[in-house]
Amino acid sequence: MNPFQIHLPRRRFLKATAAAAGLPLWYFEQMKSFGASPKPLGPNDRPGIGLIGCGGQGRGDCNWAKNFGTVIAVADVDEKQADQAKTQFKAEHKYGDFRKLLERDDIHVIINGTPDHWHTLVNVAAARAGKDMYSEKPLTLTIEEGKRLVKEIRGAKRVLQVGSQQRSDGKFRLACELVRNGRIGKLEHIIVGLPTGPREGPFPKQPVPPEMNWDFYLGQTPFVDYNGKKAHGNFRWWYQFSGGQMTDWGAHHNDIAQWGNGTDRSGPIEFDGKSLVDMIPGGYDAASKYRIECKYANGVTMTLLDDSSVHERGVVGEGKRTPNGVQFLGSDGWIFVSRGEIRASKPEFIETPLAANATRLYKSDNHMGDFFDCIRSRKDPICDVEIGHRSISVAHLGVISVRLGRKIQWDPVKEEIVGDADAAKWVGRPMRKPYDWSFVS
Ligand SMILES: NC(=O)c1ccc[n+]([C@@H]2O[C@H](COP(=O)([O-])OP(=O)(O)OC[C@H]3O[C@@H](n4cnc5c(N)ncnc54)[C@H](O)[C@@H]3O)[C@@H](O)[C@H]2O)c1
């Protein structure tokens, strides 16, 4: 057979696949040579999966995970949510208290889709019960939690993959590899564009729905009356449970900024944040429009900005309005990457292949598959516990600076706020009993 009959359609297929992934063909081909995609385990070695937190994202993750294992049980403090998930995954068991699910020996893997303020206690309990975890981002509610969690996971030798799935998207990896290899010259500044948060409220008190254990839902956070704008999806607009878009999308894009800067096991040394709009009294209280200037010890500076604001050094976006994504600005040009695209000041930045000896980053093209691969190999996954903790520490420090309305200095080695005892208090928060560390011991 004429080899062209095979070669041409295959090349056309590769080109089309690369284009669909938003990647140049050379990178797509190089990526393929850097390791095979994960394969589901055989029918006899499928780990048992437990889903904790059965909202939209937990169910989405679990749907992905079931390619690699068998869903045995689900847990949620809202019985309606648990019922829906139990039916969807044909799970045999349902629990209101996740600790009961963790007692099961036939469960090896946890999908943690709880709201942010529950992530850490669930992860610590799962580690102590000998489970591996796919935990949703933002990994923690506070920096103090993150420091403790890293020790717990390392001590128990568990595999924890953080749900920052952008790391397993070739566009983000390509952008970071190009920046790390000096394609834009010396990296000078990073602009992280995050969505503008909602500005709504106040909201009237409502009766707690009968299917919901509201006290358990609130967990470690102060007791407050129920209203629908505090739960299910909306928790993220309240400082009590989260940090607004700065921790929600910030968990994703700060992670990429740190990866491209080569500081993903460290962090900036200075944060200067401000809220650009007053919050409505009694309404959502996580900053909705905000700007934070950060400095790294390597001289790189970074701005975290909401996407309704204009950045004077912005390189893409209408009127240079900050788009959702990460802009890397260097001495020779720029690269912008978002979930939809990667582009650069000069097309050749992206079109020219990297040299064979270029610095390469961890390769994964399937975030969940990488997790299950690591369960078998016992190696760290692409977004391990420390990386997840460091990425979200950037957001937490940004939130602290915005809330205090002043500059703070950070020591990324000791992981301490320097020279500001009042600000230093905010690296942790008081935990309401009984939902403190003793709840999972
Ligand atoms: N990786 C991503 O792209 C991505 C996208 C969306 C959400 N997320 C993250 O996923 C998490 C969940 O988000 P969501 O939008 O699905 O929220 P959601 O409110 O829809 O779901 C959370 C669920 O957890 C339950 N829950 C609360 N406390 C619990 C506890 N102690 N034990 C068991 N269940 C408990 C709630 O009742 C609810 O059913 C968040 O941390 C969010 O940041 C990640």
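Reading the values: rules and limits
Residues numbered from 1 in each chain as written. Predicted model: local features only at pLDDT ≥ 70, side-chain atom pairs only at ≥ 80, totals over all residues. Heavy atoms only, no water. Domains from an automatic or database assignment. Contact = heavy atoms within 4.5 Å. Buried area = accessible area lost by both parts, 1.4 Å probe. Polar contact = N/O pair within 3.5 Å; in protein donor to acceptor, adjacent residues only side chain to side chain. Nonpolar A, V, L, I, M, F, W, Y, C, P; charged D, E, K, R; others polar. Near = heavy atom within 4 Å. Areas by Shrake-Rupley, 256 points an atom, 1.4 Å probe, with all protein chains shown as cover. 1 Å grid on protein atoms, 1.4 Å probe; cavity = no way out; pocket = protein on both sides within 12 Å on 5 of 7 lines; lining within 4 Å. Sits in = over half its atoms within 2 Å of the grid points. Helix = DSSP H or I, 4+ residues; strand = E, 2+ residues; numbered from the N terminus. Pairing = 2+ DSSP bridges. Axes fitted to C-alpha atoms, helices over the stretch in contact; angles between N-to-C directions. Salt bridge = Lys/Arg side-chain N within 4 Å of Asp/Glu carboxyl O. Buried < 20%, exposed > 50% of the residue type's maximum accessible area, 1.4 Å probe, protein only.

## Focus: the domain arrangement of the protein
Assigned domains within the protein: domain 1 (3–32) and domain 2 (169–358 + 386–440). The distance between the C-alpha centroids of domain 1 and domain 2 comes to 35 Å. Taken residue by residue, the interface counts eight residues in domain 1 and 11 residues in domain 2. Summed over both partners, the interface of domain 1 with domain 2 comes to about 760 Å²; 63% of that surface belongs to carbon and sulfur atoms. Linking domain 1 to domain 2 there are two residue pairs in polar contact (both at pLDDT 80 or more). A per-class count over the side of domain 1 that touches domain 2 returns six nonpolar, two polar and no charged.

## Remarks on the site of the ligand
Lining the immediate environment of the ligand, one finds 31 residues, of which Gln57, Asp76, Gln81, Asp116 and Gly233 sit closest. One of the backbone N or O atoms of Lys137 is found 3.0 Å from an oxygen atom in the ligand. A distance of 2.9 Å separates an oxygen atom of the ligand from a polar atom in the backbone of Gly233. Here the ligand has 850 Å² of accessible area as a free molecule, and 92% of this is covered by the chains. Most atoms of the ligand, that is more than half of them, are within 2 Å of grid points of the largest pocket. Of all the elements in the fold, those that place two or more residues in the shell around the ligand are helix 3 (56–65), helix 6 (116–128) and helix 9 (214–218). Considering each element in turn, the shell around the ligand owes the most residues, three residues, to helix 6. Tallied by class, residues from the shell around the ligand come to 11 nonpolar, 13 polar and seven charged.

## Structural notes on the sheet that holds strand 6 (residues 160–162)
The six strands are arranged 3-2-1-4-5-6 in an open sheet whose pairing can be described as parallel. Only two strands of the sheet have a single partner each, and these edge strands are strand 3 (93–95) and strand 6. Pairwise comparison of adjacent strand axes, ignoring direction, gives a mean angle of 20 degrees for this sheet. Strands strand 1 (48–52), strand 2 (70–75) and strand 3 of the sheet are contacted by helix 4 (residues 79–88), whose axis makes an angle of about 165 degrees with strand 3.

## Comments concerning the pattern of salt bridges
Throughout the structure, instances matching the rule amount to 35 salt bridges. Between Arg376 and Asp373 there is a salt bridge, with the nearest N and O atoms lying 2.8 Å from each other. Of this pair, Arg376 and Asp373 both sit in helix 13 (residues 367–377), three residues apart, which is roughly one turn of the helix. Take Arg376: its relative accessible area is 42%, and that puts it in the partly exposed class.

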